[in-house]
Amino acid sequence: MTSLEKAGWYSLGPRRVHRLGYGAMQLAGAGVFGPPKDRNAAVAVLREAIELGVDHIDTSDFYGPHITNQIIREALHPYRDDLTIVTKIGAKRGADASWLPATSPDELTQAVHDNLRNLGLDVLDVVNLRSTISMYGPAEGSLEPQVTAMAELQQRGLIRHIGLSNVTRRQIEDARHICPIVCVQNLYNLAHRDDDGLIDTLAAESIAYVPFFPLGGFSPLQSSTLSHVATRLEATPMQVALAWLLRRSPNILLIPGTSSVAHLRENLASAEISLPEGAMAALNDLDGVKKGVDVSPAV
Ligand SMILES: NC(=O)c1ccc[n+]([C@@H]2O[C@H](COP(=O)([O-])OP(=O)(O)OC[C@H]3O[C@@H](n4cnc5c(N)ncnc54)[C@H](OP(=O)(O)O)[C@@H]3O)[C@@H](O)[C@H]2O)c1
C-alpha cells in the first residue's frame, strides 16, 4: 500500500481523491508573484507529485499571476484522467504584487477563461470562489451575486463543481440555496482552529473541508509539543502537523504546499504516521504554538 493509499480517499464532488494532495501556490516567485527562481525545479516538484500518486492539485491563476498554472500545464499536460485540479477565482494581482478583489460577473468570467487557457483545459473540475470581503479572513456579507455568476458559468459548461474559500458558515448555507457546494477551503491548522465546529458540520453533509496553510503558511508552525511528539515518533514536525489533520476529520483533504521535492516526499509520507492517543491528546491541547501565519493575505 502506498503512503497516499494509507491516507485514504474522500469525495470532491462525484470524484474520489486521496486525502493527501498538493497545493501549488509555492511554485511562483517570492510573494507568490512573478516566476520562480528555478522553473525546472517547479516542474520537477509537480512531476514527482504525480509520480507518487497525487490526484488533487490546488492552484489559482492569480498565483504569479498566470505563472503557476502555466507551469502546471508545462509539467503535466495532457493530464492524467484521475487528476483533479481545483482552482480559485475572486481576486487579482496589482502591478505591485498586491491582492485585489475581482468579483464582478465579468471579472469572474474572465478568471475562468484565464484558468482554462493557462491550464489548457476545456472545463474546470472544481472552482472555489475566494471571498475577498476581507482578504485576511472570513467576514460576513453577501456572496450571492458571485455565487450566482459561478452557477451560470457552471450551467454554460465551463465549471463542473463549485467550492467556497475564506467563508463563514452563513455564506456556505446561503450559497447552497443557489448551487451545490462540494468543498470549503479556509485557514485551519494545529494553531488555528476557528473552524472546528464547521468542519464537523460539513463532514455530516459529506462536504470536503480543505484547510489552507495546513503547515502554517509562509512561517511554518513551531511548537515544543509538536517537536517533542515528532521526535518520539521519529518523524518531522511538519509530518506530525499533517498526520494530526488527517486524524482530525475524514472530510479533510490536505494540500500542503512546497517548492521542494524533498519536502513533498516528506509531506506525502505523513500518512505513514500513526498518532498514539497520548500524542493526539497533547496536540489537541497544544498551546504556545507560534501562530506562524504571515500577515500576507495570500489567497
Ligand atoms: N484559499 C486561500 O485563500 C488560500 C490561501 C493560501 C494558500 N492556499 C492554498 O493552500 C495551499 C497550501 O498553503 P501554503 O503552501 O501557502 O502553506 P503551507 O502548506 O501551510 O506551508 C507551506 C510552507 O511550508 C514549507 N514547507 C512545506 N513542506 C515542508 C516540510 N516538509 N518541512 C519544512 N517546511 C515545509 C514551504 O516551504 P518550501 O517551499 O521550502 O517547502 C512553505 O514555506 C497553497 O498551495 C494554496 O494552493 C489557499
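Residues numbered from 1 in each chain as written. Predicted model: local features only at pLDDT ≥ 70, side-chain atom pairs only at ≥ 80, totals over all residues. Heavy atoms only, no water.

Novice: Hey, could you run me through the overall build of the protein in this one?
Specialist: Scanning the protein from terminus to terminus reveals eleven helices and eleven strands. Taken against the 2.2 N^0.38 rule, which gives 19 Å for 299 residues, the C-alpha radius of gyration of the protein at 18 Å falls within 12% of a compact globule. The principal-axis extent of the C-alpha atoms belonging to the protein is close to 55 × 40 × 40 Å. Looking at the protein residue by residue over its 299 residues, the buried ones come to 57%. Contacts in the protein between residues at least 24 apart in sequence constitute 76% of all its contacts with a sequence separation of at least 6. As presented, the protein carries roughly 12400 Å² of accessible surface, and 51% of it is formed by carbon and sulfur atoms. (Helix = DSSP H or I, 4+ residues; strand = E, 2+ residues; numbered from the N terminus. Rg over C-alpha atoms; globule rule 2.2 N^0.38 Å. Buried < 20%, exposed > 50% of the residue type's maximum accessible area, 1.4 Å probe, protein only. Contact = heavy atoms within 4.5 Å. Areas by Shrake-Rupley, 256 points an atom, 1.4 Å probe, with all protein chains shown as cover.)

Novice: Could you clarify how one ought to interpret the layout of surface pockets in this entry?
Specialist: Think of a ball as big as a water molecule: rolled over the atoms, this probe shows where empty space is left. Considering only enclosed or pocket space, the largest pocket measures out at about 490 Å³ in volume. Lining the largest pocket are 29 residues, and of these Gln26, Gly217, Pro256, Gly257 and Thr258 sit closest to its centre. With three residues, helix 10 (residues 261-268) is the single largest residue contributor to the lining of the largest pocket. Among the residues making up the lining of the largest pocket, the classes are represented as 14 nonpolar, eleven polar and four charged. (1 Å grid on protein atoms, 1.4 Å probe; cavity = no way out; pocket = protein on both sides within 12 Å on 5 of 7 lines; lining within 4 Å. Points joined across faces, edges and corners; volume = space filled by probe spheres on them. Nonpolar A, V, L, I, M, F, W, Y, C, P; charged D, E, K, R; others polar.)

Novice: Looking at this model, I keep getting lost on the site of the ligand. Mind explaining?
Specialist: The environment of the ligand is made up of 28 residues, and the closest members are Asp58, Leu215, Thr258, Ser259 and His263. With the chains in place, 90% of the 890 Å² that the ligand exposes on its own is no longer accessible. With respect to the pocket detection grid, the ligand is positioned in the largest pocket. In terms of residue class, the shell around the ligand is made up of 13 nonpolar, eleven polar and four charged. (Near = heavy atom within 4 Å. Sits in = over half its atoms within 2 Å of the grid points.)

Novice: What's the story with the environment of Ser227 in this structure? I'm lost.
Specialist: Counting through the fold element by element, Ser227 comes out in helix 8 (residues 224-232). In sequence terms Ser227 and Ala241 are 14 residues apart; their C-alpha atoms lie 9.9 Å from each other.

Novice: Teacher, can you tell me more about the pairing of strand 1 (residues 9-12) here?
Specialist: Both faces of the sheet carry side chains from a regular strand, because those side chains alternate between them. What you see with strand 1 is a clean split: Tyr10 and Leu12 sit on the buried side and Trp9 and Ser11 on the side with no burial. Where strand 1 folds back on strand 2 (residues 15-18), the antiparallel hairpin that results is connected by two residues, among which Gly13 adopts a positive phi of roughly 65 degrees. (Pairing = 2+ DSSP bridges.)

Novice: In this structure, what is going on with the nonpolar core? I would like to understand it.
Specialist: Looking at soluble globular proteins, one finds that nonpolar side chains tend to be buried together. Residues Tyr22, Leu46, Ile57, Ile72, Leu76, Leu275 and Leu283 are the most contacted members of the largest nonpolar core, which totals 80 residues. Broken down by element, the residue count for this core peaks at eight residues, all from helix 9 (residues 237-248). Not counting residues within four places of it along the chain, the set of residues in contact with Ile72 comprises Ala24, Leu46, Ile57, Thr59, His77, Tyr79, Ile85 and Leu119. (Core = buried A, V, L, I, M, F, W, Y, C linked by side-chain atoms within 4.5 Å.)

Novice: Mind showing me how you'd approach the pattern of salt bridges here?
Specialist: Counted under the stated rule, the structure contains 13 salt bridges. Arg15 is paired through a salt bridge with Asp125; the nearest N and O atoms lie 3.5 Å apart. One end of the pair, Arg15, is in strand 2; the other, Asp125, is in strand 8 (residues 124-130), with 110 residues separating them in the sequence. (Salt bridge = Lys/Arg side-chain N within 4 Å of Asp/Glu carboxyl O.)

Novice: I tried to follow the side chain of Gln146 on my own but got confused; where do I start?
Specialist: Positionally, Gln146 belongs in helix 5 (residues 144-155). For Gln146, a relative accessible area of 10% puts it in the buried group. Contact partners of Gln146, with chain neighbours within four places excluded, come to Thr103, Leu108 and Leu129.

Novice: Sorry if this is basic, but what is going on with helix 5 here?
Specialist: Helical geometry: 3.6 residues make up each α-helical turn, so side chains three or four residues apart lie on a common side. Relative to the 16 Å expected for twelve residues at 1.5 Å per residue, helix 5 spans 16 Å between its end C-alpha atoms, a close match to the ideal helical length. Taken together, the buried positions of helix 5 are occupied by Gln146, Val147, Ala149, Met150, Ala151 and Leu153. Looking at the buried side of helix 5, the elements it contacts are strand 5 (84-89), helix 4 (105-119), strand 8, strand 9 (159-165) and helix 6 (169-176). Of the residues one or two after helix 5, Gly157 is the one with positive phi, at around 85 degrees. (Expected span 1.5 Å × (residues − 1).)

Novice: When you look at helix 2 (residues 39-51) in this model, what are you seeing that I'm missing?
Specialist: Here helix 2 is 13 residues long and its end C-alpha atoms lie 18 Å apart, about the 18 Å a rise of 1.5 Å per residue gives. For helix 2, the complete set of buried residues consists of Ala42, Val43, Val45, Leu46, Glu48, Ala49 and Ile50. Where helix 2 is buried, its residues touch strand 3 (22-23), strand 4 (56-58), helix 3 (67-76) and helix 10. Capping the start of helix 2, Asp38 holds a side-chain oxygen 3.1 Å from the backbone nitrogen of Asn40, two or three residues further along. (Polar contact = N/O pair within 3.5 Å; in protein donor to acceptor, adjacent residues only side chain to side chain.)

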